[in-house]
Amino acid sequence: MNKRIGDLWILDQAIALSGPVNMALDEILLNQITEPLLRFYPWSGDWVSFGYFKPIVEVRDLFIKEKVSFVRRRSGGGVVDHRIDQTYSILAPKNHPLCLERGAGSYAFLHGVLAEALRETGLDAHREDLLKDNGDSRCFENPVQFDLIDSRGNKISGAGQHRGRSGLIHQGSIQNCELKEGWKDRFADGLADRVKHYELDETLIKDAERLAERRYGNSAWLERR
(Lines give C-alpha, C1' and ligand atoms only; values in the text may rest on other atoms or scores of the structure.)
Protein backbone atom coordinates (compact mmCIF):
# COMPACT_ATOMS: atom_id res chain seq x y z
CA MET A 1 0.00 0.00 0.00
CA ASN A 2 1.51 3.33 -1.03
CA LYS A 3 -1.44 5.71 -1.19
CA ARG A 4 -3.09 7.90 1.40
CA ILE A 5 -6.14 6.48 3.10
CA GLY A 6 -8.62 9.25 2.28
CA ASP A 7 -10.54 10.52 5.31
CA LEU A 8 -9.11 10.05 8.79
CA TRP A 9 -10.43 10.80 12.26
CA ILE A 10 -7.83 11.86 14.84
CA LEU A 11 -8.34 11.47 18.59
CA ASP A 12 -5.66 13.05 20.77
CA GLN A 13 -6.86 11.66 24.09
CA ALA A 14 -6.11 13.86 27.08
CA ILE A 15 -7.51 11.61 29.81
CA ALA A 16 -5.23 8.84 31.07
CA LEU A 17 -6.92 5.44 31.35
CA SER A 18 -5.90 2.09 32.78
CA GLY A 19 -4.41 -0.60 30.57
CA PRO A 20 -7.61 -2.68 30.29
CA VAL A 21 -9.76 0.38 29.54
CA ASN A 22 -7.33 1.63 26.89
CA MET A 23 -7.40 -1.78 25.18
CA ALA A 24 -11.19 -1.94 25.44
CA LEU A 25 -11.57 1.56 23.99
CA ASP A 26 -9.80 0.53 20.79
CA GLU A 27 -12.32 -2.28 20.37
CA ILE A 28 -15.30 -0.04 21.18
CA LEU A 29 -14.16 2.60 18.69
CA LEU A 30 -13.50 0.06 15.94
CA ASN A 31 -17.06 -1.23 16.28
CA GLN A 32 -18.44 2.30 15.77
CA ILE A 33 -16.33 3.98 13.11
CA THR A 34 -17.00 3.93 9.37
CA GLU A 35 -13.65 5.60 8.50
CA PRO A 36 -10.13 5.05 9.87
CA LEU A 37 -9.24 6.63 13.20
CA LEU A 38 -5.81 7.58 14.60
CA ARG A 39 -5.78 7.67 18.39
CA PHE A 40 -3.01 8.94 20.69
CA TYR A 41 -3.42 8.05 24.37
CA PRO A 42 -1.74 8.09 27.82
CA TRP A 43 -1.88 5.49 30.58
CA SER A 44 -3.07 5.83 34.17
CA GLY A 45 -0.59 3.92 36.30
CA ASP A 46 2.47 1.83 35.47
CA TRP A 47 1.41 -0.52 32.70
CA VAL A 48 3.13 -3.12 30.55
CA SER A 49 1.24 -4.59 27.60
CA PHE A 50 2.07 -7.77 25.73
CA GLY A 51 0.92 -9.45 22.54
CA TYR A 52 -2.04 -11.81 22.36
CA PHE A 53 0.09 -14.92 21.81
CA LYS A 54 2.66 -14.22 24.55
CA PRO A 55 2.58 -16.43 27.69
CA ILE A 56 2.03 -14.30 30.79
CA VAL A 57 4.72 -16.20 32.72
CA GLU A 58 7.39 -14.95 30.30
CA VAL A 59 6.20 -11.37 30.74
CA ARG A 60 6.20 -11.51 34.53
CA ASP A 61 9.73 -12.88 34.52
CA LEU A 62 10.95 -9.76 32.71
CA PHE A 63 9.61 -7.45 35.44
CA ILE A 64 10.00 -9.69 38.47
CA LYS A 65 11.55 -6.92 40.60
CA GLU A 66 9.30 -4.09 39.41
CA LYS A 67 5.85 -2.94 40.49
CA VAL A 68 3.95 -2.83 37.24
CA SER A 69 0.54 -3.98 36.04
CA PHE A 70 0.06 -6.16 32.97
CA VAL A 71 -2.52 -6.19 30.20
CA ARG A 72 -2.81 -8.54 27.26
CA ARG A 73 -3.40 -6.81 23.93
CA ARG A 74 -5.66 -8.15 21.22
CA SER A 75 -2.87 -7.38 18.76
CA GLY A 76 0.29 -9.46 18.40
CA GLY A 77 3.87 -8.43 19.05
CA GLY A 78 6.12 -8.37 22.08
CA VAL A 79 6.27 -6.74 25.49
CA VAL A 80 5.95 -2.95 25.71
CA ASP A 81 6.67 -0.81 28.77
CA HIS A 82 4.19 2.07 28.62
CA ARG A 83 5.83 4.00 31.43
CA ILE A 84 8.32 5.35 28.91
CA ASP A 85 6.47 5.59 25.61
CA GLN A 86 3.96 7.43 23.46
CA THR A 87 1.24 5.03 22.45
CA TYR A 88 -1.05 5.29 19.44
CA SER A 89 -3.57 3.12 17.64
CA ILE A 90 -4.84 3.14 14.09
CA LEU A 91 -8.26 1.57 13.61
CA ALA A 92 -9.69 0.75 10.17
CA PRO A 93 -13.16 -0.73 9.58
CA LYS A 94 -13.65 -3.91 7.59
CA ASN A 95 -13.59 -3.51 3.79
CA HIS A 96 -11.40 -0.41 4.03
CA PRO A 97 -8.27 -0.78 1.85
CA LEU A 98 -6.01 -0.43 4.90
CA CYS A 99 -7.75 -3.38 6.54
CA LEU A 100 -7.70 -5.48 3.37
CA GLU A 101 -3.97 -4.93 2.87
CA ARG A 102 -1.74 -7.77 4.06
CA GLY A 103 -0.09 -7.30 7.44
CA ALA A 104 3.41 -6.62 6.13
CA GLY A 105 2.09 -4.14 3.56
CA SER A 106 0.05 -2.09 6.02
CA TYR A 107 2.81 -2.21 8.63
CA ALA A 108 5.38 -0.96 6.12
CA PHE A 109 3.06 1.79 4.87
CA LEU A 110 2.12 3.10 8.32
CA HIS A 111 5.69 3.07 9.60
CA GLY A 112 6.97 4.71 6.46
CA VAL A 113 4.59 7.61 7.03
CA LEU A 114 5.48 7.77 10.72
CA ALA A 115 9.21 7.84 9.95
CA GLU A 116 8.73 10.74 7.55
CA ALA A 117 6.62 12.65 10.10
CA LEU A 118 9.30 12.23 12.75
CA ARG A 119 12.07 13.30 10.37
CA GLU A 120 10.11 16.41 9.41
CA THR A 121 10.20 17.46 13.07
CA GLY A 122 13.95 16.92 13.31
CA LEU A 123 14.18 13.38 14.67
CA ASP A 124 16.52 10.68 13.44
CA ALA A 125 14.08 8.02 12.23
CA HIS A 126 14.29 5.40 9.50
CA ARG A 127 12.30 2.31 8.60
CA GLU A 128 14.17 -0.97 8.95
CA ASP A 129 13.36 -2.80 5.72
CA LEU A 130 15.59 -5.86 6.20
CA LEU A 131 13.90 -9.01 7.44
CA LYS A 132 14.95 -9.76 11.01
CA ASP A 133 13.75 -11.95 13.86
CA ASN A 134 15.37 -11.10 17.16
CA GLY A 135 13.53 -13.67 19.27
CA ASP A 136 13.40 -11.24 22.18
CA SER A 137 10.22 -10.82 24.23
CA ARG A 138 10.93 -7.16 24.95
CA CYS A 139 9.64 -5.32 21.93
CA PHE A 140 12.30 -2.59 22.03
CA GLU A 141 15.39 -4.72 22.61
CA ASN A 142 16.03 -5.18 18.89
CA PRO A 143 14.19 -4.11 15.73
CA VAL A 144 12.39 -6.42 13.31
CA GLN A 145 11.39 -5.72 9.73
CA PHE A 146 9.59 -2.37 9.20
CA ASP A 147 10.19 -1.13 12.75
CA LEU A 148 11.65 2.38 13.07
CA ILE A 149 15.28 2.85 14.08
CA ASP A 150 17.71 5.72 14.48
CA SER A 151 21.08 6.00 12.72
CA ARG A 152 22.74 3.95 15.48
CA GLY A 153 20.31 1.07 14.98
CA ASN A 154 18.32 1.71 18.14
CA LYS A 155 14.65 0.85 17.85
CA ILE A 156 12.33 3.80 18.38
CA SER A 157 8.98 2.46 17.21
CA GLY A 158 7.20 -0.86 16.80
CA ALA A 159 3.63 -2.11 16.58
CA GLY A 160 1.33 -5.09 16.70
CA GLN A 161 -1.76 -5.78 14.60
CA HIS A 162 -5.03 -7.65 14.84
CA ARG A 163 -7.54 -8.27 12.07
CA GLY A 164 -11.02 -9.39 13.03
CA ARG A 165 -14.61 -9.24 11.87
CA SER A 166 -14.84 -5.53 12.67
CA GLY A 167 -11.59 -4.48 10.99
CA LEU A 168 -7.95 -3.69 11.77
CA ILE A 169 -6.36 -2.69 15.08
CA HIS A 170 -2.78 -1.42 14.71
CA GLN A 171 -1.29 -0.62 18.13
CA GLY A 172 2.02 1.24 18.07
CA SER A 173 4.57 2.54 20.56
CA ILE A 174 7.28 5.20 20.25
CA GLN A 175 10.15 5.46 22.73
CA ASN A 176 13.90 5.99 23.05
CA CYS A 177 13.60 9.44 21.44
CA GLU A 178 12.44 12.95 22.33
CA LEU A 179 9.30 13.66 20.35
CA LYS A 180 8.96 17.16 18.92
CA GLU A 181 5.92 19.41 18.76
CA GLY A 182 3.79 18.89 15.68
CA TRP A 183 4.69 15.28 14.95
CA LYS A 184 1.12 14.06 15.56
CA ASP A 185 -0.35 16.44 12.99
CA ARG A 186 2.36 15.56 10.48
CA PHE A 187 1.67 11.86 10.99
CA ALA A 188 -2.06 12.36 10.41
CA ASP A 189 -1.52 14.61 7.40
CA GLY A 190 0.87 12.08 5.89
CA LEU A 191 -1.69 9.31 6.23
CA ALA A 192 -4.79 10.99 4.90
CA ASP A 193 -6.16 13.52 2.43
CA ARG A 194 -8.63 14.92 4.96
CA VAL A 195 -8.27 14.90 8.76
CA LYS A 196 -11.19 15.37 11.15
CA HIS A 197 -11.05 15.62 14.93
CA TYR A 198 -12.87 12.99 16.99
CA GLU A 199 -14.30 13.85 20.40
CA LEU A 200 -14.17 11.25 23.15
CA ASP A 201 -17.32 11.41 25.27
CA GLU A 202 -18.16 9.95 28.66
CA THR A 203 -20.47 7.32 27.17
CA LEU A 204 -17.63 5.74 25.20
CA ILE A 205 -15.43 5.64 28.28
CA LYS A 206 -18.20 3.97 30.31
CA ASP A 207 -18.67 1.40 27.55
CA ALA A 208 -14.94 0.74 27.53
CA GLU A 209 -14.89 0.34 31.32
CA ARG A 210 -17.64 -2.28 31.10
CA LEU A 211 -15.82 -4.17 28.35
CA ALA A 212 -12.56 -3.96 30.30
CA GLU A 213 -14.26 -5.54 33.30
CA ARG A 214 -15.56 -8.41 31.16
CA ARG A 215 -12.41 -9.03 29.10
CA TYR A 216 -9.18 -7.03 29.25
CA GLY A 217 -9.17 -6.64 33.03
CA ASN A 218 -10.32 -10.19 33.61
CA SER A 219 -7.82 -12.72 34.95
CA ALA A 220 -9.03 -15.32 32.44
CA TRP A 221 -7.95 -13.03 29.58
CA LEU A 222 -4.64 -12.17 31.23
CA GLU A 223 -3.75 -15.78 32.04
CA ARG A 224 -5.11 -17.43 28.90
CA ARG A 225 -1.62 -18.49 27.66
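Right above here is the structure, for reference.
The paragraphs below set out a description of the structure included in this document. (Residues numbered from 1 in each chain as written. Predicted model: local features only at pLDDT ≥ 70, side-chain atom pairs only at ≥ 80, totals over all residues. Heavy atoms only, no water.)

1. Quick word on the packing of aromatic side chains
In plain terms, the rule: For this analysis, a ring pair means two rings from Phe, Tyr or Trp (six-membered ring only for Trp) whose centres lie within 6.5 Å, classed as stacked if their planes differ by under 30 degrees, edge-to-face if by over 60, and tilted for the remaining angles. Counting from the N terminus, the helices are the DSSP runs of H or I reaching at least four residues and the strands are the DSSP runs of E reaching at least two. We call a residue buried when its accessible area falls under 20% of the maximum for its residue type, exposed when it is over 50%, and partly exposed in between, using a 1.4 Å probe and counting protein chains only. Definition used: whenever NZ (Lys) or CZ (Arg) falls within 6 Å of the ring centre and also within 35 degrees of the ring normal, the charge is taken to sit over that ring.
As enumerated under the stated definition, the model contains 8 aromatic pairs in all. When the centroid spacing of 5.6 Å and the interplanar angle of 85° are considered together, the rings of Trp9 and Tyr198 count as edge-to-face. On the criterion of sequence distance, the pair formed by Trp9 in strand β1 (residues 7-12) and Tyr198 in the loop between β11 (194-197) and α6 (202-214) is long-range, its members being 189 residues apart. The exposure class of Trp9 is partly exposed, given its relative accessible area of 24%. Summarising the aromatic geometry, the rings of Tyr41 and Trp43 are spaced 5.9 Å apart at their centres and angled 45° between planes, so their arrangement reads as tilted. Residues Tyr41 and Trp43 agree in their burial class; the two are buried. The rings of Tyr52, Phe53, Tyr216 and Trp221 are connected pair by pair, giving a single aromatic cluster. Sitting over the ring of Tyr41, Arg39 keeps its end group 3.7 Å from the ring centre.

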